[in-house]
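# Topology and contacts: notes
As a plain string of letters, each chain reads:
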Amino acid sequence: CETCSKEEAKYRCPRCMKYSCSLLCVKKHKLALSCSGVRDKTAFVSVNEFTDLNLLSDYRFLEDVGRTADAAARHCIVHSPATKRLLYCLRNKARGCNIELKTLPVGFTKRRENSTTFNSTENKFYWHLKLVFPHCHAEYTLKGVPDDKTLADILKPYIDPVESDPVACQRLKIYTASPQSDVRILMKIENRSRNSVRYDELDADRSLLDNLKGKVIIEYPTLFVVLKTLKNDMVVLGQDGGEPAENSDSESSSLSSVEEGEIRDSA
């Protein structure tokens, strides 16, 4: 037994492969190592060590995933008339603000995690928003962001030298140490082909709603915060020297077949 080192081992933990002699030692080893005791079905196994047992395990794992996905797709809530009406209302309100909001089919990650709502009393969107800081490989998810909040105020808790959160400030010190004039906020243009990815540059002094007008959004906005002084591979439309700032007709209809399948309205 690798816990008490006294008795002969009778059990082996499926998770960490530690030997134990009794239930008491099993509980002790779980507590000491923060071990769940559940086998890691996705653990790496080299080709030399791969056996028929591993193959069977992988096959059963894929069957479990398929059953779970099928059960989620059949759930009555996601196909209920109330859910469809809610999505239709959300898209309709966005269209009234000159925003083309597209929703993904049930089962997609962005569809599940999207928490965007529209408050009819305030006539205001509360957006699910993702902030990506490529230079620090950091991502933050914000929920309930009002559409009248400026982008500068949204970014203050992250990159403002004075008002930012200490933890975020430490992680994003490249941004906090740079002049605010070097900060660029970009958003991917969705209605383009895969081999022609371009970004729109947003105005930090304008509200989130003003920046989203005239844009295509799939589920929720994702904003990329980059620095002018640091090299990045994001090409801003109108600044790549080869294309005008406005989309051409061919660009507007250049959704790939995969994207077209992903963005079917469920109404």
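Residues numbered from 1 in each chain as written. Predicted model: local features only at pLDDT ≥ 70, side-chain atom pairs only at ≥ 80, totals over all residues. Heavy atoms only, no water.

An unreviewed UniProt entry lists the protein under the name Box C/D snoRNA protein 1, with Pomatostomus ruficeps given as the organism. The Subunit (unreviewed entry) field of the UniProt record for the protein holds the comment "Interacts with FBL, SNU13, NOP58, NUFIP1, RUVBL1, RUVBL2 and TAF9. Interacts (via HIT-type zinc finger) with the RUVBL1/RUVBL2 complex in the presence of ADP." Taken from UniProt, the Function (unreviewed entry) comment for the protein reads in full: "Required for box C/D snoRNAs accumulation involved in snoRNA processing, snoRNA transport to the nucleolus and ribosome biogenesis." (UniProt positions renumbered as here; feature names shortened; annotations may be inferred.)

## Some points on the overall build of the protein
For the protein, the count of helices and strands is ten helices and ten strands. Long-range pairs, those at least 24 residues apart, make up 56% of the contacts in the protein between residues at least 6 apart in sequence. Taken as a whole, the protein presents about 16700 Å² of accessible surface, with 53% of it coming from carbon and sulfur. (Helix = DSSP H or I, 4+ residues; strand = E, 2+ residues; numbered from the N terminus. Contact = heavy atoms within 4.5 Å. Areas by Shrake-Rupley, 256 points an atom, 1.4 Å probe, with all protein chains shown as cover.)

## Let's talk about the layout of surface pockets
Considered as a void within the structure, the second largest pocket measures approximately 410 Å³ in volume. Lining of the second largest pocket is provided by 17 residues; of these, Arg39, Asp40, Val45, Asn54 and Ser57 occupy positions nearest its centre. Looking at the lining of the second largest pocket residue by residue, the class counts come to eight nonpolar, two polar and seven charged. (1 Å grid on protein atoms, 1.4 Å probe; cavity = no way out; pocket = protein on both sides within 12 Å on 5 of 7 lines; lining within 4 Å. Points joined across faces, edges and corners; volume = space filled by probe spheres on them. Nonpolar A, V, L, I, M, F, W, Y, C, P; charged D, E, K, R; others polar.)

## Things to note about unusual backbone geometry
A positive phi is found at Ser34, a non-glycine position, where the angle reads about 50 degrees. Assignment of secondary structure puts Ser34 in the loop between α1 (23-33) and α2 (52-74). Judged by its relative accessible area of 67%, Ser34 is exposed. (Buried < 20%, exposed > 50% of the residue type's maximum accessible area, 1.4 Å probe, protein only.)

## Here we look at the pairing of strand β5 (residues 124-133)
Most of β5 is tucked away: ten of the ten residues are buried. The pairing of strand β4 (residues 117-119) with β5 spans three bridges and is antiparallel. In the strand pairing of β5, Asn119 is matched with Lys124. Summarising the sheet, β5 and strand β6 (residues 138-146) pair through seven bridges and their orientation is antiparallel. What sits directly across from Trp127, in β6, is Val145. Hairpin connection between β5 and β6: a loop of four residues separates the two successive antiparallel strands, and His137 in this loop has a positive phi of roughly 55 degrees. Pairing of β5 with strand β10 (residues 222-227), which is carried by three bridges, proceeds in the parallel orientation. (Pairing = 2+ DSSP bridges.)

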